[in-house]
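Inside the fold
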Amino acid sequence: MNEGKILVVEDEIPIRKLILFNLQRSNFEVLEAGEGKTALKLAKEEDLSLVVLDIMLPDMDGFEICTRLREKQPDLPIIILSARGQDMEKIMGLELGADDYIVKPFNPLELVARIRTVLRRTSRASQKIQPDKIKTGPFVLELKSQRVYKKGQLLKLTVREFELMKLFLERLNEPVTRDELLDEIWGLNYFGDPKTVDVNIRRLREKIEEDPSNPTFLKTVWGFGYAFYESESEG
Ligand code: CA
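Computed from a predicted model, the values in this text were never measured in an experiment. (Residues numbered from 1 in each chain as written. Predicted model: local features only at pLDDT ≥ 70, side-chain atom pairs only at ≥ 80, totals over all residues. Heavy atoms only, no water.)

A look at the side chain of Lys150
Basically, it comes down to this: Starting at the N terminus, helices and strands are each numbered in turn, a helix being any DSSP run of H or I of at least four residues and a strand any DSSP run of E of at least two. Exposed residues in this analysis have more than 50% of their type's maximum accessible area, buried residues have under 20%, and partly exposed residues fall in between, with area computed by a 1.4 Å probe over protein chains only. N or O atoms within 3.5 Å of each other form a polar contact, as long as, within protein, one can give a hydrogen and the other can take it, and as long as residues adjacent in sequence are counted only when both atoms are side-chain atoms.
Secondary-structure assignment places Lys150 in strand 8 (residues 147-150). Look at Lys150 and you get buried, because its relative accessible area is 10%. Within the local environment of Lys150, its side chain forms a polar contact with the side chain of Glu210, the two groups lying 3.2 Å apart.

Put into structure tokens, the structure is as follows:
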């Protein structure tokens, strides 16, 4: 389940490796560059989803790289890594038009979250491959109307349950942790605990499973979280 291809442009190796590690762990494919020349070359050759770009680099600064990337690929999302006190207006303003910036030192998990947000925003804007329906086994999920049907019967789901269902159908057969579900469905700033997830999963099971205590679709992955499987034996 590749989440996208990210180019990380940063000359400080420990920082670059830290970003790399966290992105790979979050299922991103990652390319790296320690200076501007390599960054521009990779951006030209590779089909990138997003660029994480440091400002202070040995051969040219991030501002110049950003401008040159924008000339060739106006739609390519760019997140700038900046030291405190660097010119935010220049970074976010018309001149460069970065999609977001993050100030050093930063929490790599926050960077991953920002990347996801920018990717979601920009892919929604381009609406390239967004289907209007997801079909899996007996389920049909309509994205526009936010409805889910099982064997043609409309299920009465809450907004959270719909979001959960959508996430699981988009990531079929892929175990998802409670923390990730909390982040994705409830948002990073949600002050809840993972039990919230369990409660909502239980309710969702009651609506989608024949036997909620012995689920065939939405299964518990012990010590990890949950995964949604397309059932073959559905009768
Ligand atoms: Ca640097």
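With respect to the coordination of the calcium ion
Counted only if it meets this: Each metal's donors are the N, O and S atoms found within 2.8 Å of it, except that Na, K and Ca use a 3.2 Å limit; water is left out, so coordination can look incomplete.
Protein coordination at the calcium ion: the donors are Asp11 (OD), Asp54 (OD) and Met56 (O), at 2.1 to 2.3 Å from the metal. Read in sequence order, the donor residues for the calcium ion give the motif D-x42-D-x1-M. Owing to a relative accessible area of 3%, Asp54 belongs among the buried residues under this scheme.

Describing the sheet that holds strand 1 (residues 5-9)
Quick reminder of the rule: Strands qualify as paired when DSSP identifies two bridges or more between them. Axis angles are defined between N-to-C directions and span 0 to 180 degrees, where every axis is a line fitted to C-alpha atoms and, for a helix, only to the segment in contact. Whether two residues touch is decided by their heavy atoms; if any such pair falls within 4.5 Å, the residues are in contact.
What the five strands build is an open sheet, ordered 2-1-3-4-5; its pairing is parallel. The open sheet has two free edges, formed respectively by strand 2 (29-33) and strand 5 (100-103), since each of these has just one partner strand. Shown here is a sheet whose adjacent strand axes are inclined to one another by a mean of 20°, direction ignored. Where strand 1 lies against strand 2, five bridges are found, and the strand directions are parallel. In the strand pairing of strand 2, Val8 is matched with Glu32. The strands that helix 1 (residues 13-25) touches are strand 1, strand 2 and strand 4 (78-82); relative to strand 2, the one it contacts most, it runs at about 165°. Contacting strand 3 (50-54) and strand 4, helix 3 (residues 62-72) runs over the sheet at an angle of about 155° to strand 3.

Comments concerning the pairing of strand 1
Quick note on the threshold: Place the viewer so that the strands point away; then a crossover is right-handed whenever the path from the first strand over the helix to the second strand goes clockwise.
The buried count for strand 1 comes to five of five residues, which makes it a mostly enclosed element. Both faces of strand 1 are covered, namely the face carrying Lys5, Leu7 and Val9 and the face carrying Ile6 and Val8. Regarding topology, helix 1 serves as the crossover connection from strand 1 to the parallel strand 2, and that connection is right-handed. Two elements, strand 1 and strand 3, share four bridges in a ladder whose sense is parallel. Within strand 3, the residue paired with Val8 across the bridge is Val52.

As far as function goes, none of this settles anything; it's purely spatial.
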